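Summary of the model geometry
Here is what each chain is made of, one letter per residue.
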Amino acid sequence: MGLRRVTVAVLVGAAGAAACGHRGAGAPAPVLPARVVYERAVRQYRTGHCGDAKDGFQILTSQLAPTDTLVALAQYYEAECDFADGLYLESSHEFRRVADEHTGFRLAPDALLRAGDAEAALWTDPELDPEYGNDAMTTYRELLARFADSRAAERAKVKIAALTNQFAEKEYRNGIFYLRLKAYDSAILYFRGVVADYPQSGFASPALLKLVQIYRTLSYTQERQDTCDHLRRYYPQAAGLAQQCPAADSSSAP
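Remember, it's a predicted structure, so these values are computed and weren't measured experimentally.

Okay, the overall build of the protein chain next. Per the secondary structure count, the protein chain includes 12 helices and two strands. Helices and strands appear in the protein chain in the N-to-C order β-α-β-α-α-α-α-α-α-α-α-α-α-α. The buried share among the 254 residues of the protein chain stands at 43%. Partitioning the intrachain contacts of the protein chain with sequence separation of at least 6 by distance along the chain shows that 57% fall at a separation of at least 24. Surface exposure of the protein chain reaches about 13,600 Å², of which carbon and sulfur atoms provide 51%.

This part covers the environment of lysine 210. Examined against the element boundaries, lysine 210 turns out to sit in helix α10 (residues 204-217). Separated by 38 residues in the primary sequence, lysine 210 and tyrosine 172 place their C-alpha atoms 9.6 Å from one another. Every residue in contact with lysine 210, bar those within four places of it in the chain, is listed here: Tyr172, Ile176, Leu179 and Phe191.

According to the stated counting rule, one finds 12 aromatic pairs in the structure shown. A ring pair is formed by tyrosine 172 and phenylalanine 191, whose centres lie 5.6 Å apart and whose planes are at 55°; its orientation type is tilted. Residue tyrosine 172 is located in helix α8 (residues 151-180), and its partner phenylalanine 191 is located in helix α9 (residues 184-197); the two are separated by 19 residues in the primary sequence. Exposure class is identical for tyrosine 172 and phenylalanine 191. Each is buried. A cation sits over an aromatic face here: arginine 114 above phenylalanine 83, 4.2 Å from the ring centre.

Quick look at the nonpolar core now. Counting 66 residues, the largest nonpolar core has Tyr38, Phe57, Tyr140, Phe191 and Leu231 as its most contacted members. Phenylalanine 191 has contacts with Tyr172, Gly175, Ile176, Leu179, Ala207, Lys210, Leu211 and Ile214, leaving out every residue within four places of it along the chain.

This brings us to the pattern of salt bridges. Enumeration according to the criterion identifies 15 salt bridges in this entry. As a salt-bridge pair, arginine 173 and aspartate 125 come within 3.7 Å of each other at their nearest N and O atoms. Here arginine 173, found in helix α8, pairs with aspartate 125, found in the loop between α6 (108-121) and α7 (131-146); they are 48 residues apart in sequence, far enough to count as distant. Since its relative accessible area comes to 32%, arginine 173 is described here as partly exposed. Exposure remark for aspartate 125: the relative accessible area of 28% places this residue in the partly exposed category. For arginine 146, the salt bridge identified is with glutamate 142, shortest N-O distance 2.8 Å. Taken together, the residues arginine 146 and glutamate 142, both in helix α7 and four residues apart, mark about one turn of the helix. Judged by its relative accessible area of 31%, arginine 146 is partly exposed.

Let us now look at the environment of tyrosine 234. On the secondary structure map, tyrosine 234 appears in helix α11 (residues 221-234). Separated by 35 residues in the primary sequence, tyrosine 234 and proline 199 have C-alpha atoms spaced 9.5 Å apart. A distance of 3.4 Å separates polar atoms of two side chains, one belonging to tyrosine 234 and the other to arginine 233.

A separate point is α6. Across its 14 residues, α6 extends 20 Å between first and last C-alpha, which sits within 8% of the 20 Å expected from 1.5 Å per residue. Most of α6 sits inside the fold, with 12 of its 14 residues counted as buried. Looking only at α6, the buried set comprises Ala108, Pro109, Ala111, Leu112, Leu113, Arg114, Ala115, Gly116, Asp117, Ala118, Glu119 and Ala120. Buried residues belonging to α6 abut α4 (69-84), α5 (88-101), α7 and α8.

For the protein chain, per-residue confidence averages 88 on the pLDDT scale, and 85% of positions sit at 70 or higher. Taken as a whole, residues 1-25 scores under 50 in pLDDT and shows 42 contacts with residues more than four places along the chain or in a different chain.

Running from N to C, α5 and α6 point in directions that differ by 160°, and their axes come no closer than 8 Å. For the element pair α5 / α6, the angle class is roughly antiparallel. Here the hand of the crossing between α5 and α6 comes out left-handed. When α5 is examined against α6, the residues Tyr88, Ser91, Ser92, Phe95, Arg96, Val98 and Ala99 are found in contact with a partner set consisting of Ala108, Ala111, Leu112, Arg114, Ala115, Ala118, Glu119 and Ala121. Its residues placed into classes, the contact of α5 with α6 shows 10 nonpolar, two polar and three charged.

Rules of the game
Residues numbered from 1 in each chain as written. Predicted model: local features only at pLDDT ≥ 70, side-chain atom pairs only at ≥ 80, totals over all residues. Heavy atoms only, no water. Helix = DSSP H or I, 4+ residues; strand = E, 2+ residues; numbered from the N terminus. Buried < 20%, exposed > 50% of the residue type's maximum accessible area, 1.4 Å probe, protein only. Contact = heavy atoms within 4.5 Å. Areas by Shrake-Rupley, 256 points an atom, 1.4 Å probe, with all protein chains shown as cover. Phe/Tyr/Trp six-rings, centres within 6.5 Å; stacked < 30°, edge-to-face > 60°. Lys NZ or Arg CZ within 6 Å of the ring centre and 35° of its normal. Core = buried A, V, L, I, M, F, W, Y, C linked by side-chain atoms within 4.5 Å. Salt bridge = Lys/Arg side-chain N within 4 Å of Asp/Glu carboxyl O. Polar contact = N/O pair within 3.5 Å; in protein donor to acceptor, adjacent residues only side chain to side chain. Expected span 1.5 Å × (residues − 1). pLDDT = per-residue confidence, 0-100. Axes fitted to C-alpha atoms, helices over the stretch in contact; angles between N-to-C directions. Parallel < 35°, antiparallel > 145°, perpendicular 65-115°, else oblique. Left-handed = near helix turned anticlockwise from the far one by under 90°. Nonpolar A, V, L, I, M, F, W, Y, C, P; charged D, E, K, R; others polar.

Take a look at the structure:
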């Protein structure tokens, strides 16, 4: 690897040109080993100089064989630069490319994880279209299937839980919207959906409590009692449980 040489004319930039001012106008561009170009680009990335770093990474990806390990590394860190610059869509594509084209590469699981992270970063507001959130969930689950024993897979489980909570929040907010309009049937559907689809989320017990309120308003005595029983059994620490489901409700309905 250390014997590979690539031109670094793009990498050196203005500072390098000044340092090499003694060369004649027709002198050839300097040639450095690929490993040197890579290590310099990584240093630039780690010190926040992603523009210069990407120049170096692109030299490697354009001049080395696609199967070269340095190409996979360069693609990975170039994707990290895009992520750092807020170019999440481009970043997700580059990370995906690393994971798919270099499956045996040691950073392939991390690349797939970061592809999911980039997609998730495109969906930060639960009230917006969850297309990218769905893409991120699919990518994280793909990681669990392809690289089940990797450390990246363990991190993906945590991210799946966080994303699941975000989906639950979206459903819960929809329920609140219809509740404010007194469109109780629609609100009930959304709140029930939160409980059924995201029972481990932080919005399951609040959704159940909202159902209790609606059932009380509609005088749905049995439904209210059943929901209170469900809360006591599965969410005994739910905030507001004692107020919405008094102890007397557990033995007899009013």
